[in-house]
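Next come the chains, spelled out residue by residue.
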Amino acid sequence: MIAATRSFLVPFIRRPVAAAGLGILVCMTAAAILAPILAPYDPSKIEPISRLLPPNAAHWFGTDQFGRDILSRVIYGARLALLIGVGVVSFALITGVPAGVLSALYPRFGRVMMRLIDVLMSFPALLLALGLIVILGRGVSNAILAIGVVYLTTTSRITYGLTLRLRTETYVEAANSMGAGALWTIRKHVLPNLVSPLLVQASFVFAFAQLSAASLDFLGLGAPPEIPSWGNMLAEGRIFITRAPWLLFFPGFAIAITAFSLNLVGDALRDRLDPRFRNMLNGNRR
Amino acid sequence: MGSYAMHRTAAAVATLAAASVIIFFFIHAIPGDPLYVLLGDSATPDQVDALRTRLGLDQPIVFQYFQWLANVARGDLGTSIFFQAPVTRVIRDGAETSILLASITMIWITLIGVPVGVIAAMRHGSWLDQCLSGVAMLLASIPTFWVGLYLILIFAAWLGWLPSSGYPSIFEQGGLTNLRYLLLPSLALAAPNAALILRLTRASMLDVAREDYIRTARAKGIRPMRVILRHILRNALLAVVSAFGFTFAALISEAVVTETVFALPGIGQLVVQSILRRDYPVIQGIILVTVVLYLAVNLLVDLSYRLLDPRVELS
């Protein structure tokens with residue numbers, strides 16, 4: 001366990017920028033968990049007297065059109081960002097990994113499965129998500145599901161490619177020739193070797209999920225308006241941009257810095273991967 | 001080449017056929033009676049019955065699918081609930097804006113992404129390279145609509161150089177000068193995609209630079225600039241060409257949001273408004289048209305890639 005943690009941290013020690021990215025993500029997670037303690041105000045408290053205040057000593061990030069404290073809303077927004085990220089990544093991994101592994105091990109199943117993935121991939125990402133939202137309705141869990149389906153496709157295809165490659169490794173062939181069963185091969189040889197590449201994939205999916213969720217929120221088709229999400233803050237503050245430019249700066253910056261940190265971390269982890277696997281991880285889409 | 005093209009085209013057609021089943025069932029998957037979905041909630045039972053017979057919805061579902069397919073083949077995508085006009089016409093009205101927006105954006109992506117990527121690769125490992133790569137990754141992480149909103153604030157509201165929203169057709173008064181309405185949206189849309197092409201160009205240049213034939217070219221004494229442009233760049237661009245299909249899909253996704261920010265009368269904004277208006281036939285039509293376009297672009301990319309690099313084998 002200690003060895004695993006150490007090998008995870010190595011790429012960050014050598015790359016200060018990636019370490020900064022990891023640090024930002026840790027802070028974001030802390031903000032999400034400790035939001036009630038960290039936030040100076042109730043994020044939903046309306047105070048008409050202090051509408052559209054620029055950043056000042058009492059409100060570091062200013063206030064919005066209802067007099068709500070933007071700093072508090074940005075801190076609470078981290079909760080939804082984390083929820084969306086963890087939700088989408090879990091969904092993509094739980095559905096995509098079995099689909100990819102089984103497709104590679106059972107070619108007949110794989111042909112059908114990968115055709116199906118091809119079909120799903122013929123829909124541009126946001127359009128697929130929007131179509132699912134139309135069917136499922138607006139809401140946080142539906143947004144997770146809709147974005148999750150988009151990244152289920154890339155995750156299963158990457159897993160499929162990796163597993164096919166792993167199957168031709170000498171040690172897997174040796175195990176097979178000694179009569180190892182399919183399940184044993186999966187557990188002993190395939191899954192352990194998938195962990196590192198899938199960790200890279202997870203960090204990219206986490207980043208893309210942030211941007212997709214922000215787009216859905218911005219279009220009014222994501223989280224319900226009463227939830228302080230970064231995307232919702234941008235959607236609501238939009239019309240005040242000339243009167244209160246700071247209104248949109250902080251939530252947008254929060255989205256960008258989160259996605260940026262995740263991309264930095266993903267890149268640092270990818271560069272540590274076996275070079276044969278590295279190029280297989282470029283298939284994600286926006 | 002001939003068999004490769006046939007094989008690729010057949011695969012694209014098969015994918016489209018499967019996608020068309022999903023798109024057909026889209027309207028049936030929406031909760032509620034598809035007829036009320038098509039007519040709107042205010043429909044009377046008489047209207048519903050009339051439409052049921054007219055559309056053949058009393059027929060078996062498989063039959064309905066082929067009926068729909070036959071209509072689509074004839075260019076009939078149904079009728080918009082909101083506009084009370086054929087969906088094809090509604091989509092055509094938004095096409096000019098979206099096609100021009102996408103084209104101008106593609107020009108930006110190529111003009112910025114490729115040359116800057118080449119410079120970063122030439123100065124590989126230097127301070128300049130690290131800055132450019134860092135900026136590229138930052139741009140790829142910023143939501144397009146956020147960039148768009150601040151472009152509006154700076155160039156439209158504060159400086160007053162460019163219009164903030166809308167787009168009058170180039171066939172109306174103003175002619176080609178109306179393209180200035182698309183300048184800010186195309187820049188916002190280009191930012192993350194140019195960044196991705198930059199990173200791809202850089203990585204691909206560095207990959208090619210390690211090849212044996214590059215060492216040979218250098219050893220022969222060919223001028224360094226010529227090696228970079230003729231030997232490395234030409235081969236590196238193959239990877240960039242193959243990424244254009246991927247970029248096209250990203251453009252469609254992001255255009256939906258960008259057109260909404262800039263209030264452009266394009267297909268992207270149309271799909272969002274149709275969702276809010278519950279104008280399902282229009283949503284279905286737009287999804288179908290985009291999938292056809294996307295598959296066609298990918299097919300073209302595949303085929304041109306094969307023309308550019310004959311080593312590509314059928315896989």
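Residues numbered from 1 in each chain as written. Chains lettered and ligands numbered in written order. Predicted model: local features only at pLDDT ≥ 70, side-chain atom pairs only at ≥ 80, totals over all residues. Heavy atoms only, no water.

For the rest of this paragraph, the subject is the overall build of chain B. Helix and strand content of chain B: 13 helices and zero strands. Overall, chain B shows an N-to-C arrangement of helices and strands of α-α-α-α-α-α-α-α-α-α-α-α-α. Over its C-alpha atoms, taken along the principal directions, chain B stretches across nearly 85 × 55 × 35 Å. Here the contacts in chain B between residues at least 6 apart in sequence split such that 70% fall between residues at least 24 apart. Of the roughly 15,600 Å² of accessible surface on chain B, a fraction of 65% belongs to carbon and sulfur atoms. (Helix = DSSP H or I, 4+ residues; strand = E, 2+ residues; numbered from the N terminus. Contact = heavy atoms within 4.5 Å. Areas by Shrake-Rupley, 256 points an atom, 1.4 Å probe, with all protein chains shown as cover.)

Before going further, it helps to examine a positive patch on the surface. On the surface, B:Arg223, B:Arg226, B:Arg230 and B:Arg234 cluster together into a positively charged patch. For B:Arg226, the location among the structural elements is in helix H10 (residues 224-242). (Patch = residues over 30% accessible without salt bridge, like charges linked within 9 Å, V, L, I, M, F, W, Y side chains within 5 Å. Salt bridge = Lys/Arg side-chain N within 4 Å of Asp/Glu carboxyl O. Lys, Arg positive; Asp, Glu negative; His and termini not counted. Charge placed at Lys NZ, Arg CZ, Asp CG, Glu CD.)

Tracing the sequence through the fold places B:Thr260 in helix H11 (residues 244-261). The exposure class assigned to B:Thr260 is buried, which follows from its relative accessible area of 13%. In this structure, B:Thr260 is in contact with A:Leu219, A:Arg238, B:Gln269 and B:Val272, ignoring residues within four places of it in sequence. (Buried < 20%, exposed > 50% of the residue type's maximum accessible area, 1.4 Å probe, protein only.)

All names here are of chain A. For the coordinates displayed, the defined rule picks out five cavities of 30 Å³ or more. Approximately 100 Å³ is the volume attributed to the second largest cavity. Gly77, Leu80, Ala81, Ile84, Gln210, Ala213, Ala214, Asp217, Ser229, Trp230, Gly231 and Ile255 together form the lining of the second largest cavity. Elements represented by at least two residues in the lining of the second largest cavity include exactly helix H4 (70-105), helix H9 (182-218) and helix H10 (230-237). Per-class residue counts for the lining of the second largest cavity are seven nonpolar, four polar and one charged. (1 Å grid on protein atoms, 1.4 Å probe; cavity = no way out; pocket = protein on both sides within 12 Å on 5 of 7 lines; lining within 4 Å. Points joined across faces, edges and corners; volume = space filled by probe spheres on them. Nonpolar A, V, L, I, M, F, W, Y, C, P; charged D, E, K, R; others polar.)

Let us now look at H9(A). All names here are of chain A. With 37 residues, H9 should cover 54 Å at 1.5 Å per step; its first-to-last C-alpha distance of 46 Å lies more than 12% under that length. Taken as a whole, H9 carries its principal kink of about 40 degrees at valine 195; the proline proline 197 stands between one and four residues after it. Just past H9, the residue glycine 220 takes up positive phi, approximately 80 degrees. (Expected span 1.5 Å × (residues − 1). Bend = angle between axes of the 7 residues up to and from the residue.)

Time to look at the interface of chain B and chain A. The accessible area lost on association of the parts is a frequent measure of interface size. In this assembly, 49 residues from chain B lie in contact with 41 residues from chain A. For the chain B and chain A pair, buried surface summed over both sides reaches about 3,900 Å², with 76% attributable to carbon and sulfur atoms. The three residues of chain B that bury the most area against chain A are B:Met137, B:Phe145 and B:Trp146, which together make up 15% of that side's buried surface. Remark: the boundary between chain B and chain A carries one salt bridge. Between B:Arg199 and A:Asp267 there is a salt bridge, with its nearest N and O atoms 2.8 Å apart. (Buried area = accessible area lost by both parts, 1.4 Å probe.)

Next up on the list: the environment of A:Gly96. With respect to the helices and strands, the residue A:Gly96 is situated in helix H4. Taking relative accessible area as the criterion, A:Gly96 reaches 0% and is therefore assigned buried.

Moving on, we come to a nonpolar patch on the surface. Residue and element names in this part refer to chain B. Taken together, Val21, Phe25, Ile61, Val62, Phe66 and Leu69 make up a surface patch of nonpolar side chains, about 490 Å² in accessible area. For the nonpolar patch, the secondary-structure elements that each account for two or more residues are helix H1 (2-29) and helix H4 (61-73). Looking at the nonpolar patch element by element, the count peaks at four residues for H4.

Moving on: unusual backbone geometry. Residue and element names in this part refer to chain B. Phi at alanine 263 is positive, roughly 50 degrees, even though this residue is not glycine. Take alanine 263: it is sitting in the loop between H11 and helix H12 (267-277). The phi dihedral of arginine 278 is positive, around 55 degrees, even though this residue is not glycine. Inspection of the secondary structure assignment puts arginine 278 in the loop between H12 and helix H13 (280-308).

Applying the stated criterion across every chain, the model contains 12 salt bridges over all chains. A:Arg68 is the salt-bridge partner of A:Glu236, the closest N and O atoms lying 3.0 Å from each other. Residue A:Glu236 is found in helix H10, and its partner A:Arg68 is found in the loop between helix H3 (35-38) and H4; the two are separated by 168 residues along the sequence. Take A:Glu236: its relative accessible area is 22%, and that puts it in the partly exposed class. The class of A:Arg68 is buried, set by a relative accessible area of 9%. Salt-bridge contacts for B:Asp207 lead to B:Arg210; the nearest nitrogen and oxygen are separated by 2.9 Å. Exposure remark for B:Asp207: the relative accessible area of 38% places this residue in the partly exposed category.

Moving on to the environment of A:Asn142. Residues and elements named next belong to chain A. Tracing the backbone shows asparagine 142 in helix H7 (residues 140-167). The exposure class of asparagine 142 is buried, given its relative accessible area of 18%. A sequence separation of 121 residues divides asparagine 142 from asparagine 263, and the C-alpha atoms of the two residues are 25 Å apart. The contact partners of asparagine 142, leaving out residues within four places of it in the chain, are Ile133, Leu136 and Gly137.

Before going further, it helps to spend a moment on the packing of aromatic side chains. Scanning all chains against the criterion turns up 14 aromatic pairs over all chains. Arranged with centres 5.4 Å apart and planes meeting at 70 degrees, the rings of B:Phe24 and B:Tyr65 form a pair that is edge-to-face. Residue B:Phe24 is found in helix H1, and its partner B:Tyr65 is found in helix H4; the two are separated by 41 residues along the sequence. Taking 5.0 Å as the distance between ring centres and 85 degrees as the angle between the ring planes, the aromatic pair formed by B:Phe82 and B:Phe83 counts as edge-to-face. The class of B:Phe82 is partly exposed, set by a relative accessible area of 47%. Members of the aromatic cluster, each reached through a chain of ring pairs, are A:Phe61, A:Phe249, A:Phe250, A:Phe253, B:Trp146 and B:Tyr150. For B:Arg277, the ring lying beneath its charged end belongs to B:Phe82, and the centroid distance is 3.8 Å. (Phe/Tyr/Trp six-rings, centres within 6.5 Å; stacked < 30°, edge-to-face > 60°. Lys NZ or Arg CZ within 6 Å of the ring centre and 35° of its normal.)

All names here are of chain A. Ranked by size, the top nonpolar core spans 150 residues in total, and within it Leu130 and Trp230 carry the most contacts. What tryptophan 230 contacts, discounting residues up to four positions off in sequence, is Met28, Val74, Gly77, Ala78, Ala81, Gln210, Pro251, Ala254, Ile255 and Thr258. In terms of nonpolar packing, the next biggest core, distinct from the first, is built from 11 residues, Val97, Ile158, Ile186 and Val190 among them. (Core = buried A, V, L, I, M, F, W, Y, C linked by side-chain atoms within 4.5 Å.)

With that settled, consider the layout of surface pockets. All names here are of chain B. Computed from the structure, the second largest pocket encloses a volume of approximately 720 Å³. Taken together, 26 residues make up the lining of the second largest pocket; nearest its centre are Leu38, Leu51, Leu55, Gly78 and Thr79. When contributions to the lining of the second largest pocket are tallied by element, the ones reaching two or more residues are H1, helix H2 (34-39), helix H3 (45-55), H4 and H13. For the lining of the second largest pocket, the leading source of residues is H4, giving five residues. Looking at side-chain class alone, the lining of the second largest pocket contains 13 nonpolar, 11 polar and two charged residues.

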